[in-house]
Amino acid sequence: MTANPSCDRRALLDAAGIDKDAIAAHLGLPRPLRKSQLALDYGIAFERQVTRQEEGALVPLLRQALGLALPAASYKDINSVGSDSTSPMGLRHTHTSSLILSAARHQSEPYTLLDHPVLTLNVAGQQAYLEPDVIAFHHDDIFHIVEIKSFPVIHGQPDPVKVTAALTQAAAYVLAMRELLAGFPPDRVSDTVILINPRNFSRHPTATRYNAAPQIRHLSRHLARLRRMPDLLDTLPAGTTCDLVPGPDAVPTRPRDEVIAALATMQPHYVPTCRNHCDLAAYCRTEARNRDSIGALGPAVRDDLAGIDTITAALNLADGHMRPTADRTDVTHALRHAQRIHDELRNDNT
Ligand code: SF4
């Protein structure tokens, strides 16, 4: 949901608790790109390295990112509540709430790091548990979300797509913290988020602060929209269902055409990054291409070609088959320039 909050289809499927992986398997779709086990292991090892108390890497990183004269900070791993990380979410959430509230009420040390907090967020009227791999850092009456990510910052430049995804995720934690601290001013939870990443090609961590306010606003708007789930449901024809009608052997018996017809009633918002997180990505990508949608090429292209809705229109403007209207003159110049460069490169190669 945080990766593509504009997608009504995903919102409806999530709100109804539909097993998207089962739909994808029934439709014979290829699975989305998953992180390799090697990459997952690397991420876990990096996080452990940063949070390992003996090495004390976190406090200097926060000092660097926030410009604090921070002597030390108390560290609490909420995963350690109960038996282990498999303890009930409710128990860990209760423990998280009491630690965060006592920090907010100045009943604990002024500098407190809370690792693996379990938070809740109101999603479409339901309390959803969030189990972030983040640290809530409390200092001088302000909480900051600190997120450890294993993608590198190379010569000061992280991958912007990954940064945006991380900030959108962090925005959910900021909003969840603000829900927990209802009654306190919202700015007790900062819009400034700290990402800790490996520097260059090493495992040496570096911390960078980011303003996550745009992502927080964006996600708030979509959550507010989800709270109006009845409005979204009203857009569906009566009797719409994604039930796969499993037989006695648990194999779905519902004809594929019917499942596809049910999906077609829900408005998608396909973007190329869907391939990283949604089981229905292959289906939605084909659908977006068949609809000739410019959005299928990603948000950067969609923004660059604002006002042009279809790939065919963009191509026709580029090769002169379509005359631009006054509001499309600039973008048509840019398209024709790109077309000339493309043609020159192709001629050079032949
Ligand atoms: S793959 Fe489809 S359903 Fe999933 S988020 Fe993207 S557009 Fe929505």
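Model, not experiment: these values are computed from the prediction.

**Student:** Describe the pattern of salt bridges, listing the residues and the values that go with them.
**Tutor:** By the definition in use, this model includes nine salt bridges. For the salt bridge of Asp141 with Arg188, the shortest nitrogen-to-oxygen distance reads 3.6 Å. Here Asp141 is found in the loop between β5 (134-139) and β6 (142-148), whereas its partner Arg188 is found in the loop between α6 (160-180) and β9 (189-198), with 47 residues between them in sequence. What emerges from the salt-bridge pattern is a single network uniting Arg9, Glu287 and Arg291.

**Student:** Explain the pairing of strand β2 (residues 112-115) to me, and be specific about the residues and the numbers.
**Tutor:** Burial along β2 is two-sided: the face carrying Thr112 and Leu114 and the face carrying Leu113 and Asp115 are both buried. Sheet analysis places strand β1 (residues 74-77) next to β2, joined by four bridges and oriented parallel. Considered in β2, the bridge of Tyr75 is made with Leu113. Here β2 runs beside β5; their pairing, made up of four bridges, is antiparallel. Note on β5: the bridge partner recorded for Thr112 is His138.

**Student:** Describe the site of the ligand, with residues and values.
**Tutor:** In the vicinity of the ligand, the contacting residues are Asn4, Cys7, Arg9, Arg10, His269, Tyr270, Cys274, His277, Cys278, Leu280, Ala281 and Cys284. The cavity where the ligand resides is the largest cavity. Going through the elements one at a time, α1 (8-15), α10 (274-277) and α11 (281-290) are the ones with two or more residues in the shell around the ligand. Here the shell around the ligand is built from residues that sort into seven nonpolar, three polar and two charged.

**Student:** Quick one: what's the story with the sheet that holds β1, residue by residue and with numbers?
**Tutor:** Spatially, β1-β2-β5-β6-β9-β10 is the arrangement adopted by the six strands of the open sheet, whose pairing is mixed. Only two strands of the sheet have a single neighbouring strand rather than two, namely β1 and β10 (205-211). For this sheet, the mean angle separating the axes of adjacent strands, direction not counted, is 25°. Its contacts with the sheet place helix α4 (residues 58-66) against β1, β2, β5, β6, β9 and β10, and it is angled at close to 40° to β10. Here helix α5 (residues 89-104) sits on the sheet in contact with β1, β2, β5 and β6, set at roughly 135° to β6.

**Student:** Could you give an account of α11, naming the residues involved and the relevant values?
**Tutor:** Along α11, the positions that sit buried rather than exposed are Ala281, Ala282, Tyr283, Cys284, Glu287 and Ala288. Where α11 is buried, its residues touch α1, α9 (256-264) and α10. Directly beyond the C-terminal end of α11, a positive phi value near 70° is found at Asp292.

**Student:** Before we move on, could you go through the domain arrangement of the chain and cite the residues and values that matter?
**Tutor:** In terms of domain boundaries, the chain breaks down into domain 1 (8-32 + 247-349) and domain 2 (37-225). Here the C-alpha centre of domain 2 lies 33 Å away from the C-alpha centre of domain 1.

**Student:** Could you give an account of empty space enclosed by the protein, naming the residues involved and the relevant values?
**Tutor:** Per the counting criterion, the structure on display carries two cavities of 30 Å³ or more. The space that makes up the largest cavity amounts to roughly 110 Å³. Breaking the lining of the largest cavity down by element, the ones donating at least two residues are α1, α10 and α11. A class-by-class count of the residues in the lining of the largest cavity yields nine nonpolar, three polar and two charged.

**Student:** Outline the environment of Ser102, listing residues and values.
**Tutor:** Looking at where Ser102 falls in the secondary structure, it is placed in helix α5. Given a relative accessible area of 16%, Ser102 falls into the buried group. With 41 residues separating them in the primary sequence, Ser102 and Phe143 have C-alpha atoms 13 Å apart.

Here is what the cut-offs are and how they apply
- Residues numbered from 1 in each chain as written.
- Predicted model: local features only at pLDDT ≥ 70, side-chain atom pairs only at ≥ 80, totals over all residues.
- Heavy atoms only, no water.
- Salt bridge = Lys/Arg side-chain N within 4 Å of Asp/Glu carboxyl O.
- Helix = DSSP H or I, 4+ residues; strand = E, 2+ residues; numbered from the N terminus.
- Buried < 20%, exposed > 50% of the residue type's maximum accessible area, 1.4 Å probe, protein only.
- Pairing = 2+ DSSP bridges.
- Near = heavy atom within 4 Å.
- 1 Å grid on protein atoms, 1.4 Å probe; cavity = no way out; pocket = protein on both sides within 12 Å on 5 of 7 lines; lining within 4 Å.
- Sits in = over half its atoms within 2 Å of the grid points.
- Nonpolar A, V, L, I, M, F, W, Y, C, P; charged D, E, K, R; others polar.
- Axes fitted to C-alpha atoms, helices over the stretch in contact; angles between N-to-C directions.
- Contact = heavy atoms within 4.5 Å.
- Domains from an automatic or database assignment.
- Points joined across faces, edges and corners; volume = space filled by probe spheres on them.

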